Amino acid sequence: SARADAAAAGSGTRVASAGPAPLPASASPAASAAPGAPPTRRSRRRPAAAARNTLWCHLYLDRRMLRRGFDLNKKIIGHGGEHTKGIYRDTGAKIRLRGQGSGHIEASTGMEAPAPLMLAITGDSRLEDNFREAVRRSAELLATVGRRWAEWSEDAVPGATFWVGELSPEAAAC
């Protein structure tokens, strides 16, 4: 069923950096196993009242791309935020680089979040099509960055440079 396929998307879907492609809805959890990659999971957190209408997806990034000289964060965000702001402008979904290596300092702790490096996508649950488009465009952006990494790095390991790390139960149903 479509719902079962959508739920499978949250079970470890990996996206290869070979080219822009939509996230496969029926990918096998075994296909997501990458050495050292955190497992994919659906959150069991109870959302706060303000967050109940929020869809979210975390696309985890391969930390090897943080190598000095590659400027991973700049490639993702774009000059003046053109990449992430463009997705926001077109879809209304917020796109944020978070976690270890992101350079984003959390206001509550004064440090980077103790989480894997990720592109966090959040959107209004009443705008599922926009959220899906934001995830698709974010995956396409990360695939492009992954190709640039493979061209730049002398020792790039072929394979996925990003994957679905965690998503809200509502996002899995989209």
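Cut-offs and rules
Residues numbered from 1 in each chain as written. Predicted model: local features only at pLDDT ≥ 70, side-chain atom pairs only at ≥ 80, totals over all residues. Heavy atoms only, no water. Core = buried A, V, L, I, M, F, W, Y, C linked by side-chain atoms within 4.5 Å. Buried < 20%, exposed > 50% of the residue type's maximum accessible area, 1.4 Å probe, protein only. Helix = DSSP H or I, 4+ residues; strand = E, 2+ residues; numbered from the N terminus. Contact = heavy atoms within 4.5 Å. Axes fitted to C-alpha atoms, helices over the stretch in contact; angles between N-to-C directions. Parallel < 35°, antiparallel > 145°, perpendicular 65-115°, else oblique. Left-handed = near helix turned anticlockwise from the far one by under 90°. Nonpolar A, V, L, I, M, F, W, Y, C, P; charged D, E, K, R; others polar. pLDDT = per-residue confidence, 0-100. Arc of directions from axis to C-beta.

**Q** Got a sec to walk through the nonpolar core? Specific residues and values, please.
**A** Counting 29 residues, the largest nonpolar core has Leu59, Leu61, Ile76 and Ile121 as its most contacted members. Elements that contribute at least two residues to this core include exactly strand 3 (54-61), helix 2 (72-77), strand 4 (94-98), strand 5 (118-124), helix 4 (128-152), strand 6 (160-167) and helix 5 (169-172). Residue contributions to this core peak at nine residues, all from helix 4. Contacts of isoleucine 76, omitting those with residues within four sequence positions, involve Leu61, His83, Thr84, Leu97, Leu119, Leu141, Leu142 and Val145.

**Q** Describe in detail the environment of methionine 118, supporting the description with residues and values.
**A** Relative to the helices and strands, methionine 118 is located in strand 5. In this structure methionine 118 comes out as buried when scored by relative accessible area, which is 6%. Separated by 46 residues in sequence, methionine 118 and valine 164 place their C-alpha atoms 9.3 Å apart. Among all residues touching methionine 118, those that are not within four sequence positions of it are His58, Leu59, Tyr60, Leu61, Arg96, Leu97 and Arg98.

**Q** An account of the packing of helix 3 (residues 82-91) against helix 4 is needed here, citing residue identities and associated values.
**A** Two elements in contact, helix 3 and helix 4, have axes whose closest approach is 9 Å; the angle formed by their N-to-C orientations is 160°. Judged by the inter-axis angle, helix 3 sits roughly antiparallel to helix 4. Regarding helix 3 and helix 4, the two cross each other, and that crossing is right-handed. Judged by residue contacts, His83, Gly86, Ile87, Asp90 and Thr91 of helix 3 engage Asn130, Glu133, Ala134, Arg137, Ser138 and Leu141 from helix 4. Its residues assigned to classes, the contact of helix 3 with helix 4 shows three nonpolar, five polar and three charged.

**Q** Quick one: what's the story with the confidence of the model for the chain, residue by residue and with numbers?
**A** Taken as a whole, the chain shows an average pLDDT of 78; of its residues, 70% reach a score of 70 or greater. Here helix 1 (residues 2-9) is the element of the chain with the lowest mean pLDDT, 36, and helix 3 is the one with the highest, 98. Within the model, pLDDT remains below 50 along residues 1-36, and this stretch shows 61 contacts once partners closer than five positions in the same chain are excluded.

**Q** Describe helix 3, with residues and values.
**A** All of the buried residues along helix 3 are Thr84, Gly86, Ile87 and Thr91. In an axial view of helix 3, the angular spread of the buried residues amounts to 160°, which keeps them on one side of the axis. Set apart from the buried face of helix 3 by more than 90 degrees, the exposed residues are Lys85 and Arg89. Remark: glycine 92 follows helix 3 within two positions and exhibits a positive phi of approximately 80°.

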